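Architecture at a glance
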Amino acid sequence: MPMNRKEIITCTINGNPVGVPPGTTILDAASTIGVFIPTMCFQAGLEPTAACRICLVKDEAANTFVPACAARAEAGMRVTTENDDIRRVRKFTLELLFSDHVGDCEAPCRLACRAGIDIPLVIRRMVESDLEQAVHALIESAGSADDPCSTCESECEKACRRGRHDAPLSIRHLMRYVWEFGVESGWADSVTPRASSERGKRFRCSMGGLKKGELEEFLKDASPAGRIEPAREPAEGYSNLEARSEASRCLQCDCRKAQTCRLRRHADGYGVRQRAYPPEERSRFRRIRHHGIVYEPEKCIKCGLCVAITEGKREALGLTYIGRGFDVEIGVPFDGTLSAAMATTAAECVGACPTGALAFGQPFETPCSWEAAGQRRL
Amino acid sequence: MNGDEGDPGAFMDRMILESHPYRVLEGLTIAAFALGARSGVLYIRAEYPLAIERMRAAMARMKTKNLLGENILGTEFSLDVRIVEGGGAFVCGEETALLASVEGVRGMPRVRPPFPAERGLWGRPTLINNVETYACVPWILRHGAAAFAALGTRRSKGMKVFSLVGKVLRGGLVEVPMGTTLREVVERIGGGVAPGRVFKAVQIGGPSGGCIPAALADTPIDYESLAEAGAMMGSGGLVVLDDSDCMVDMALYFLRFTQEESCGKCPPCRIGTKRLREILERLCAGRGGLADLVRLEDLSQQVKEASLCGLGKTAPNPVLTTLRYFRDEYEAHAAGRCPAKKCAALVRYSISDACMGCTICAQRCPAGAIEMRPYEQHAIDSSACVRCGTCREVCPVAAVHLEDLRCP
Ligand code: SF4
Ligand code: SF4
Ligand code: SF4
Ligand code: SF4
Ligand code: SF4
Ligand code: SF4
């Protein structure tokens, strides 16, 4: 095909005529007129693979579905980017993905909390020694600046996953510790609670009952210590040290990408039912960690972005597909470690991963606001 | 050249490669000459060692005669041909996956367009055709296109090789002009089914094809008629089924094959075929229900629509066609019965009072499910029985019967 630089291809997208140079993808052509097409396995700068099927649009002229990320706009195409039929196919693909997806978008404790506090996030911030952020997370998610824990029956603790192992986390004490810290430090005043309409209405993937061996996956990274009760007057609550030790018992049951996950966002947008195509048996949840990188294979949608990134950036080891068909998995060749596989590209891979499959766990603990601001009690 | 013949029971390409290597190489050379290509690749599955050996020998002889290599027959035209052995993945029969495999990367299909003719091997324009196609080229050049077009039907020209297998008296490779009816192939060429059996259907086109019932046996074999019936020519596998074959079991057989051979790139095929397989397995095990039929149909349709490559787009065909023509069998399975008495979980063996107590069945039963009671009527412990059928075969008085487990 002779390429004439001045040549312009005209097609229509949702009825609007669009002129683009030859070779332009439908996705790019649509963006020139401000039409958004959802994607998951696409990232600008990488070769499109058309693997995830979420960007399927319809070419009415040929009456076929085509992947917008990879298909090029051709003269005479009449593209529709969204209608009931297209929504149905996208929803189908998403529902299939969820039939093979194991994870909890939100932790059981948070789902039980009547105030909707993002408990694992608050706890994570505590473990990270970032009390200021812990205060923010608490007040923002609770949607109010008043302490709801003081009058609560601790429903969260009844739901806490750690309870199945030894004893639930002492969530109430931990949250109250942060509340009081927020009030005393004045940080609480600078936080705007999120409007309640923003909370609680999102799609939630849940694992259901745990399978054999799954609790152990969660326990791998938590402190093995037993539940800590405040040594002083219970009314006075935890000391700094106690709070921190108790916080490190948390299993981090929620998904690290709950807010940014594109799979979840699309599930919201397409009204996905998690169990539309129930599997005969769901896979076993795994959590693999190495130097701050968390990989949860059962959340991977095999989009291939991480593989393409490690390959493109010439990682010595990199990530690769292992196996084929339903059993295909993303893994590190030769049983290497995650951090070796992504020696220079970890941040890029985690950022590109559309789901919570690749994420950063707690960064290395750094002495910061906890000690600096915590003149409270020792 | 695409010689990655992967359909179960298909061996047309193998026969051509083993028996007529020169014809294929001649066709390939002519095609290269027409296009001005300087290199050719024969992609042959490694499971065909004899085909590879014979092609190698043929290439070596052609080189010594200057029919391949530099300046063929003293002309400007040079062609370098090499063999690449396929690693045994069915999906590498898909042309873009095949090209990836030749390049040494994972054999996963990519989206078309661009078609290989525009951007193929190593990013260069590539002509890729099947063994049979190249093998036809020399004949066409020698006899002229009109002679070839005179064979077959108006829209499907020429001849087609089928691998006729299954419940026919004379199986094997057959070559027929397009437009021949299925009945002619099965009855006249294949000699029909065994005496006492009833011809039920043919599965045409391998795991991507579909099932055509005996009632439609007068369908002519051409691309359009087969597509209309929900099947396809595919590589040319033709499995004849009789009344002892269960259609649900058959659909499961082919689906299991494609599910295991899916490359895993796109969710509709990777996960969809798995879910389809689970539902079929449920039905064959007697754990299904009528709702499963609706699920099968819905999943099949959407997997076809949403999959990336031909493998996923055609994988549900055996399910859809059997559902279309043999829905009653599916309904029977949903109720826990296998009309063909094929699905092991839905049938049981039992011994009637014709039994004379010879103990042969008890001696031969591999599962120890029959207690030895000389001169008495024997009985089968259904929970221990593995449904191997041995007892029925060895019983000298035909006292062993197959019956429905649920409603005897
Ligand atoms: S990966 Fe996405 S959908 Fe899955 S649990 Fe995490 S947030 Fe939810
Ligand atoms: S104690 Fe606090 S965190 Fe727990 S459920 Fe009650 S309000 Fe929520
Ligand atoms: S272990 Fe942590 S995240 Fe899990 S339920 Fe308990 S407090 Fe919540
Ligand atoms: S780990 Fe993430 S980026 Fe990598 S293939 Fe899976 S979903 Fe895609
Ligand atoms: S349809 Fe199947 S074989 Fe084809 S790309 Fe998708 S997963 Fe791979
Ligand atoms: S079918 Fe096989 S296992 Fe069952 S009773 Fe007969 S011989 Fe034994």
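1. As for the packing of helix H4 (residues 119-127) of chain A against helix H7 (residues 171-185) of chain A
All names here are of chain A.
- Between H4 and H7, the least distance of the axes is 11 Å, while the angle of their chain directions is 65 degrees. Crossing geometry of H4 relative to H7 is assigned as left-handed. Here H4 contributes Ile119, Val122, Ile123 and Met126 to the contact with H7, which in turn contributes Ile171, Leu174, Met175, Tyr177 and Val178.
- Here the contact of H4 with H7 is built from residues that sort into nine nonpolar, no polar and no charged.

2. Here's the deal with the sheet that holds strand E3 (residues 80-86) of chain B
Residues and elements named next belong to chain B.
- Read from one edge of the open sheet, three strands run E1-E2-E3, paired in parallel fashion. The sheet is open, and its two borders are formed by strand E1 (2-3) and E3, each paired with just one other strand.
- In this structure, strand E2 (residues 39-45) lies alongside E3, joined through seven bridges in parallel fashion. Bridged to Ile44 within E3 is Glu85.
- Seen against the sheet, helix H3 (residues 49-64) touches E2 and E3 and runs at an angle of roughly 170 degrees to E3.

3. Considerations on the sheet that holds strand E7 (residues 210-213) of chain B
Residues and elements named next belong to chain B.
- A sheet is described by the order of its strands in space; here five strands give the open sequence E5-E4-E8-E6-E7, paired in mixed fashion. Each edge of the open sheet carries a strand with a single partner, namely strand E5 (172-177) and E7. Here the average twist between neighbouring strands, direction ignored, is 30 degrees.
- Docked against the sheet, helix H7 (residues 182-189) engages strand E4 (159-166), E5, strand E6 (199-204), E7 and strand E8 (237-242), running at close to 115 degrees with respect to E6.

4. Some remarks on the site of ligand 5
- As a matter of local geometry, ligand 5 sits amid 13 residues, with Cys263, Lys265, Cys266, Cys269 and Cys309 of chain B nearest to it.
- Considered class by class, the residues forming the shell around ligand 5 number eight nonpolar, four polar and one charged.

5. Here we look at the site of ligand 1
- With respect to spatial proximity, the complete set of residues near ligand 1 consists of Phe98, His101, Asp104, Cys105, Cys255, Ala258, Cys261, Arg264, Lys299, Thr355 and Gly356 of chain A.
- Tallied by class, the residues present in the shell around ligand 1 amount to five nonpolar, three polar and three charged.

6. Quick look at the pattern of salt bridges
- Enumeration over the complete set of coordinates arrives at 62 salt bridges over all chains.
- One salt bridge connects Arg161 of chain A with Asp104 of chain A, and the closest N-O pair in it is separated by 2.7 Å. Of this pair, Arg161 of chain A sits in the loop between helix H6 (155-159) and H7 while Asp104 of chain A sits in the loop between helix H2 (84-99) and helix H3 (108-112), and the two are 57 residues apart along the sequence.
- Asp104 of chain A sits in the buried class, given a relative accessible area of 6%.
- Between Arg197 of chain B and Asp243 of chain B there is a salt bridge, and its shortest N-O distance comes to 3.0 Å.

Criteria and thresholds
- Residues numbered from 1 in each chain as written.
- Chains lettered and ligands numbered in written order.
- Predicted model: local features only at pLDDT ≥ 70, side-chain atom pairs only at ≥ 80, totals over all residues.
- Heavy atoms only, no water.
- Axes fitted to C-alpha atoms, helices over the stretch in contact; angles between N-to-C directions.
- Helix = DSSP H or I, 4+ residues; strand = E, 2+ residues; numbered from the N terminus.
- Left-handed = near helix turned anticlockwise from the far one by under 90°.
- Contact = heavy atoms within 4.5 Å.
- Nonpolar A, V, L, I, M, F, W, Y, C, P; charged D, E, K, R; others polar.
- Pairing = 2+ DSSP bridges.
- Near = heavy atom within 4 Å.
- Salt bridge = Lys/Arg side-chain N within 4 Å of Asp/Glu carboxyl O.
- Buried < 20%, exposed > 50% of the residue type's maximum accessible area, 1.4 Å probe, protein only.

In short, geometric facts, not functional conclusions.
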